[in-house]
Amino acid sequence: MVATIDEVLRFWIDEVGEKGWYEQSDALDEEIRQRFKTTWDAARDRALCPWIRSSDGTLALLIVTDQFPRNMFRDSPHAFSTDRFALTIAQKGIRRGDDLVTPEPQRQFFYLPMMHAESLSFQERGLRQFLLKMPEAGSNILHARAHRDVIRRFGRFPHRNAALGRASTPSEVSFLDEGGYGATVRDLQQAA
């Protein structure tokens, strides 16, 4: 059964909460699959587009298309299959000001689709959104910089190569062997 806007927001914001948003958990991944796979299917098929009529609906649709697939389909190409749609939703919501009426920390979900894009221009836009609209969100800004730096260096996220069936270049293999994204974050922390 397709979830409602309120069910998505209540689950992600109240039940999972900020501490659980970025922790890898097989149990959480399975719970999202069980509770929201049908909702994601509907969103993927554009059946939930009416949700973008409100800021809460836009936020819920962003969670369903950008966050849930990363949990439901971890290490699979499906994890990224609704990224472009999420990016379109985020851009519409930001143009309308939906992000600014959404409280922190959930406001970040309007900017994460840009941070997930394999495009330097979107990386720059996403970082700018965090700097201008969530300047106290140090961790988000750090990660936005790290994502941007990886895209600036490779033009794509090397850690996605295996899931997407892409061949890694020798420099990408070295990057991954030397700690990959985590090493990029540590380097930025040390430089700060």
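Everything in this summary refers to the structure shown in the same document. (Residues numbered from 1 in each chain as written. Predicted model: local features only at pLDDT ≥ 70, side-chain atom pairs only at ≥ 80, totals over all residues. Heavy atoms only, no water.)

### Topic: the overall build of the chain
The condition that has to hold: We count a stretch as a helix when DSSP gives it H or I for four or more residues in a row; a strand needs E for two or more, and each element gets its number in order from the N terminus. The globule rule used for comparison is 2.2 Å times the number of residues to the exponent 0.38, while the radius of gyration itself is calculated over C-alpha atoms. Working definition: with a 1.4 Å probe on protein chains only, accessible area under 20% of the residue-type maximum means buried, over 50% means exposed, and in between means partly exposed.
Scanning the chain from N- to C-terminus turns up ten helices and zero strands. The C-alpha atoms of the chain give a radius of gyration of 16 Å, which matches the 16 Å a tight globule of 192 residues would have. With respect to the three principal axes, the spread of C-alpha positions in the chain is 45 × 35 × 25 Å. Looking at the chain residue by residue over its 192 residues, the buried ones come to 51%.

### A closer look at unusual backbone geometry
Cis geometry marks the peptide bond from E104 to P105; its omega dihedral reads 10°. Structurally, the position occupied by P105 is in the loop between α4 (83–96) and α5 (112–115). Unusually for a residue other than glycine, R46 sits at a positive phi of about 70°. Overall, R46 belongs to the partly exposed group, its relative accessible area being 43%.

### So, the environment of L9
What counts here: What makes two residues a contact is simply this: any of their non-hydrogen atoms within 4.5 Å.
Assignment of secondary structure puts L9 in helix α1 (residues 5–20). Judged by relative accessible area, which is 10%, L9 ranks as buried. Counting along the chain gives 48 residues from L9 to G57, while the straight-line C-alpha distance between them is 8.9 Å. Setting aside anything within four residues of it in sequence, one finds L9 in contact with D14, D56, L59, A60 and I63.

### Focus: the packing of helix α7 (residues 138–154) against helix α10 (residues 180–191)
Short version of the rule: Angles shown run from 0 to 180 degrees and are taken between the N-to-C directions of axes, each axis being a line fitted to C-alpha atoms and, for helices, limited to the stretch in contact. An angle below 35 degrees is treated as roughly parallel, one above 145 as roughly antiparallel, one from 65 to 115 as roughly perpendicular, and anything else as oblique. It is the rotation of the near helix from the far one that decides the hand of a crossing: anticlockwise by less than a right angle makes it left-handed, clockwise makes it right-handed. Polar here means any residue outside two lists: the nonpolar Ala, Val, Leu, Ile, Met, Phe, Trp, Tyr, Cys and Pro, and the charged Asp, Glu, Lys and Arg; Gly therefore counts as polar.
The interhelical angle for the contact between α7 and α10, taken along N-to-C directions, is 120°, at an axis separation of 9 Å. In this view, α7 runs oblique relative to α10, as classed from their interaxial angle. The two elements α7 and α10 cross, and the hand of that crossing is right-handed. Between α7 and α10, the contacting residues are L142, H143, R145, A146, H147, D149 and V150 on the first element and Y181, T184, V185, L188 and Q189 on the second. Its residues assigned to classes, the contact of α7 with α10 shows six nonpolar, four polar and two charged.

### Description of the packing of aromatic side chains
Just so we agree on the cut-off: In this analysis, rings of Phe, Tyr and Trp, with Trp reduced to its six-membered ring, are considered paired at centre separations within 6.5 Å, and the interplanar angle assigns stacked below 30 degrees, edge-to-face beyond 60, and tilted for intermediate values. Charge over a ring is defined by NZ of Lys or CZ of Arg lying within 6 Å of the ring centre and within 35 degrees of the ring normal.
What the rule picks out here adds up to eleven aromatic pairs. Ring geometry for W40 and F73: centres 4.8 Å apart, planes at 65°, overall edge-to-face. Remark: F73 occurs in the loop between α3 (55–72) and α4 and W40 occurs in helix α2 (residues 26–44); sequence separation between them is 33 residues. With a centroid separation of 5.3 Å and 80° between ring planes, the pair formed by Y111 and F130 is classed as edge-to-face. Remark: F130 occurs in helix α6 (residues 120–133) and Y111 occurs in the loop between α4 and α5; sequence separation between them is 19 residues. For the residue pair Y111 and F130, the accessibility class agrees, reading buried in each case. Site record: aromatic cluster; members linked through ring pairs are F11, W12, W21, F36, F68 and F109. Here the guanidinium or amino end of R46 rests over the ring plane of F85, the centre of that ring lying 3.8 Å away.

### Remarks on α3
Convention followed: By this rule, a helix spans an expected 1.5 Å times one less than how many residues it contains. Note on bend: the value at a residue is the angle between axes fitted to the seven residues ending there and to the seven starting there.
The terminal C-alpha atoms of α3, which comprises 18 residues, lie 24 Å apart, in line with the 26 Å expected from a rise of 1.5 Å per residue. At V64, α3 shows its largest bend, some 30°. Counting buried residues in α3 gives 17 out of 18 residues, a clear majority hidden from the surface.

### Let's talk about the pattern of salt bridges
Filter applied, for reference: By definition, a salt bridge exists where a carboxyl oxygen of Asp or Glu is found within 4 Å of a side-chain nitrogen of Lys or Arg.
Throughout the structure, instances matching the rule amount to 19 salt bridges. In this structure, the salt-bridge partner of R70 is D66, at a minimum N-O distance of 3.5 Å. Taken together, the positions of R70 and D66, both in helix α3 and four residues apart, correspond to about one turn of that helix. Each member of the pair, R70 together with D66, is buried. One salt bridge in this structure joins R156 and E172, with 2.7 Å as the shortest N-O distance. Of the two residues, R156 is situated in the loop between α7 and α8 (161–164) and E172 in helix α9 (residues 170–177); the sequence distance between them amounts to 16 residues. E172 matches R156 in its accessibility class, with the two residues each being buried.

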